[in-house]
Amino acid sequence: MMSRPIYSVGDRWFGRVNAILLTIFALCALYPIVYVTSLSMSSGEAGSSGQVWLWPVEWTLAAHQHVVKNSLFWISYANTFFYTVTGTLTSLALVIPAAYALSKARLRGRRVIGFFIAFTMWFHAGMIPFYLNLRDLDLLDSRWGIVIAFALNAFNVILMRNFFESVSPTFEEAARIDGANDFQILWKVYIPLAKPAIATVALLCAIARWNGYFWSMVLLKTEDKIPLQVFLKKTVIEVNITESVAGAISQQPYSLETITGAIIVLSIIPVLIVYPMIQKYFTKGVTLGGIKE
Amino acid sequence: MSAARQSSILKDSSLLQDIRRDWMLYAMLLPAVIWFAVFMYQPMAGLQIAFKQYSVFKGMQGSPWVGFDHFVTLFQSDFFWRAILNTLMISFYSLVLASPVPIILALMINEVQSTGFRKTVQTAVYLPHFVSFVIVAGIVIALLSPGNGLVNNALEALGLDRTYFLTRPEWFRTIYIGSSIWKEAGFDSIIYLAAIMGINPALYESAQIDGATRWQMITRITLPSILPTIAVLFVIRLGNVLEVGYEYIILLYQPTTYDTADVISTYIYRVGIQGARYDIAAAAGVFNAVVALILVLVANKLSRHFTRTGVF
Amino acid sequence: MAANVSLRNVVKRFGQTIVVNDVDLDIRAGEFLVLVGPSGCGKSTTLRLVAGLEQVSSGTISIDGREVNNLAPKDRGVAMVFQNYALYPHLSVRDNISFGLRLSSMKRADIAAAVARAAAILELEPLLDRQPAELSGGQRQRVAMGRAIVRNPAVFLFDEPLSNLDAKLRTQMRVEIKRLHARLGNTVMYVTHDQLEAMTLADRIVVMRNGIIEQIGSPEQLFDSPASAFVAAFIGSPPMNLIPCTVEQSGDATSVRLGADNQLCLPLAARAALIGAGELLFGARPEDIHLQPRESTQPLSGVVELVEPLGGESLVHVRIGGELIVVRAEGRQRVQSDGPIKLHVDTGRIYLFGRKDDRCVYPAPQVVA
Ligand SMILES: Nc1ncnc2c1ncn2[C@@H]1O[C@H](COP(=O)(O)OP(=O)(O)OP(=O)(O)O)[C@@H](O)[C@H]1O
Ligand SMILES: [Mg+2]
């Protein structure tokens, strides 16, 4: 990085204006989240009469308490954890060995298989045949169907393969002379070497799992299988779209608005907890497929 | 020396020998290959349904062929044309309005000298990317709520009428693109920031000695240096114009806004998944996928032309 | 433990290109054999064929009399030290050294003992719990050797192990490798670019060129009787002077003409070898050209172009005819730049090589086993 240059007056003003604008942007990025948080902690009366705009009005946790009492909320929360953890682990278990094998020149048919995988990035059958295929495989309304059917994508395989290709082949050769076979080389040498790339792929998978709703909505019919995002869609989106036309409800310490806010806040907490850990990857710049020594 | 012996010398080892020696590699690859075959290629075989009169009772194989009937039906349908048009419009507006934002953001972030401030800004603007579409839609709905949403409160305070934006077709694109910018612009700036980081610092130092202002350095050094990145990403976007965020649209649209909001994928979803007209929806999907593939290939050609390195 | 290694008609192709071409080589048990040659000549490939990291296209490789063509590297009893060391960055020095042993089903106590022994030999004890990133270049090099010797291999393979070190450390490690070999007595195959390393370490040197063996011999043999101008130019520093010449025969006397002004009478012995010869390459080592006349030397005249003082000696660059030659002048002889000079060539120590095929024609090449 450049050392701090000495600026002229005009340039210093430029810097100040830039900083002010960026501050505004940053606040804009955060504001909606702050807003729903405050909304969720305001009284039902304040929430439905639109008094809240920055800080909670008539501070109360009633809405949160109400949401927390809902067993379906917790079931969907637990489901999301299940889908995220098993889904990410399944993805890694499939992606890492495949990418390792594809990174080796001695693999026969490497180009063909690489194309076979990459082709799916440019052409896929689309929603309906994919859906019908899952139906034929009897994976509708199945937990494991959700885990398996979305375990892989070509991008992650290629990302991981590129990383493995960037690892110096002498590590493999040294391990081979030391008597390691391919499984051992992968497990004891390449996986430890590839930790940053694995973390990246795991992160991409986990975020997609945590945030995705579409296919869970399409495939899962049983209420106690649905993940959080589908629960959110049902409670926050569908209810709101109908209710807000119908108008507000009864005399409670919470209102539809504050409940909505509480559900959103409670569901975003894990993301907010994990975010500081992962964002340092991104503030450093992209390191996807980065080379280690 | 006999011909057979000659050829065995020319070949280092036979396929079978290689597979036996490296069987573990093939074993590692097998699960993924099976996965792609089952979940990506098998559905491609299922595309035939687009050319059949599908009946649940007869199944995919038993249903009779109807050739291009479904395509004819589609192209005679105003709704399908509306979906194509909406897809293109949303893509076009995103391309023009949304894609410059991350570039500007990256340029601005790059001008920040203090590491602490820079990290803070980055942390803040990347955050929305990690918020799910459902939550974003929830927040949008809350903010725009006609009864007590912030936006309408503000309008009222300014003496304007309350509007239920989400039921008004003329507002849909603005809402969709605006909230997409909020969600993704920060995160999308990462790739441009990375490109900016790759610029040789000596360029700036010599420009500084030549007396360039910061503005001049941005326009004469930074922007031209990241132009290849901008070009490649622009071309990729062009190739993906048919890919609009249907998962997000489904959350935001209502029958009253279909006029501007219904895109090809949402049309497929409604007709196929919700309406169970699999054959006609699959035909729309085939059309979409084929056009998308052509666009992507053209875009890749273009990008090769611009940068001599293709996207793939 | 030491084993002999033999390569018979070994060929290695990558696609259409032949990288190792019909190599025959016998390495005696306990021998220190150094492979040298220009970049891309196939040294590393030869080493990797022995290691089992590449498969031969044809021919056989045997270690200790046993054909190993189809054996996996670990079953060949070899250990290898790589140019970039290939230390596993996530493992401590101790775990790096014991990596191979832990893969085999060796007992823990035995592994610990083996690591301790290797560490003692290489003086690595204080470093055992460090990570590779916390080591200096020389230390990493020693760890890489530790990883090799802990396996107690019959054959050690080194691929330019010192080329990532600075000059001083390289000298030091060179001595250490030599000591190690003296102590352990394993067979060593050692690839290097550095002719000094080759000269000081080797029992025998193999000079390779374009995938074939140009010459094999002890350092002295290669230095004194190079089989070709190529070898002559490769061994010795600064390299042998090689300049075009013409053989002239008048009556009994045979002489070579170097440019317009200089002629050198050759000993009688040369006559037979040079019958019918015309255009050749004349070779003389910088050490064998003197500024003062000596016994059996003949003067050549030239012009000094440049003097490089090296302290105890200097290198004098002299233009003779159109060619530039280098003379090693011992002591602190004063030489004026740009002045005319007489050079005295030791005719007992000159070489003549074919212009086209590069082979040595005089002195008659020795047949070496
Ligand atoms: N895997 C491979 N595929 C194709 N060609 C190869 C491969 N490995 C080596 N070669 C080629 O074989 C030739 C010999 O390579 P090798 O590594 O043995 O040379 P070297 O003598 O060790 O050179 P250096 O001194 O530069 O290390 C080179 O021309 C190289 O390009
Ligand atoms: Mg080499």
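Heads up: the structure comes first, above all this text.
Presented here is an overview of the structure given in this document.

**Quick word on the site of ligand 1**
Residue and element names in this part refer to chain C. Around ligand 1, the neighbouring residues are Phe 14, Val 19, Ser 39, Gly 40, Cys 41, Gly 42, Lys 43, Ser 44, Thr 45, Glu 160 and His 193. The side chain of Ser 39 places a nitrogen or oxygen atom 2.5 Å from an oxygen atom of ligand 1. Between an oxygen atom of ligand 1 and a side-chain N or O atom of Lys 43, the distance comes to 2.7 Å. Summarising the interface, the protein chains cover 58% of the accessible area of ligand 1, which totals 630 Å² for the free molecule. The dominant element in the shell around ligand 1, judged by the number of residues it contributes, is helix α1 (residues 43-51), at three residues. For the shell around ligand 1, the residue count by class is three nonpolar, six polar and two charged.

**Describing unusual backbone geometry**
Residue and element names in this part refer to chain C. Cis geometry marks the peptide bond from Ser 237 to Pro 238; its omega dihedral reads -5°. Secondary-structure assignment places Pro 238 in the loop between α8 (229-234) and β11 (241-250). Here Tyr 362 and Pro 363 are connected by a cis peptide whose omega angle stands at -5°. Note that Pro 363 resides in the segment after β21 (360-362). Not every positive phi belongs to a glycine, and Asn 9 is a case in point at roughly 45°. Positive phi is not limited to glycine here, since Asn 210 has a value of about 50°. Structurally, Asn 210 is set in the loop between β9 (204-209) and β10 (212-217).

**Details of the nonpolar core**
Formed by 228 residues in total, the largest nonpolar core has its most connected members in Met 160, Phe 164, Phe 214, Trp 215 and Val 218 of chain A, Ile 249 of chain B together with Leu 157 of chain C. Ranked by residue count, the leading element in this core is helix α4 (residues 71-102) of chain A, at 12 residues. Built from parts of two domains, this core gets at least three residues from each of domain 1 (1-31) and domain 2 (54-136 + 163-307) of chain B. Discounting chain neighbours no more than four positions away, the residues touching Phe 214 of chain A are Met 127 of chain A together with Tyr 246, Glu 247, Ile 250 and Tyr 269 of chain B. Among the nonpolar cores identified, the runner-up in size contains 46 residues, and Phe 32, Leu 122, Val 150 and Ile 177 of chain C belong to it.

Reading guide: rules and limits
- Residues numbered from 1 in each chain as written.
- Chains lettered and ligands numbered in written order.
- Predicted model: local features only at pLDDT ≥ 70, side-chain atom pairs only at ≥ 80, totals over all residues.
- Heavy atoms only, no water.
- Near = heavy atom within 4 Å.
- Polar contact = N/O pair within 3.5 Å; in protein donor to acceptor, adjacent residues only side chain to side chain.
- Areas by Shrake-Rupley, 256 points an atom, 1.4 Å probe, with all protein chains shown as cover.
- Helix = DSSP H or I, 4+ residues; strand = E, 2+ residues; numbered from the N terminus.
- Nonpolar A, V, L, I, M, F, W, Y, C, P; charged D, E, K, R; others polar.
- Core = buried A, V, L, I, M, F, W, Y, C linked by side-chain atoms within 4.5 Å.
- Buried < 20%, exposed > 50% of the residue type's maximum accessible area, 1.4 Å probe, protein only.
- Domains from an automatic or database assignment.
- Contact = heavy atoms within 4.5 Å.

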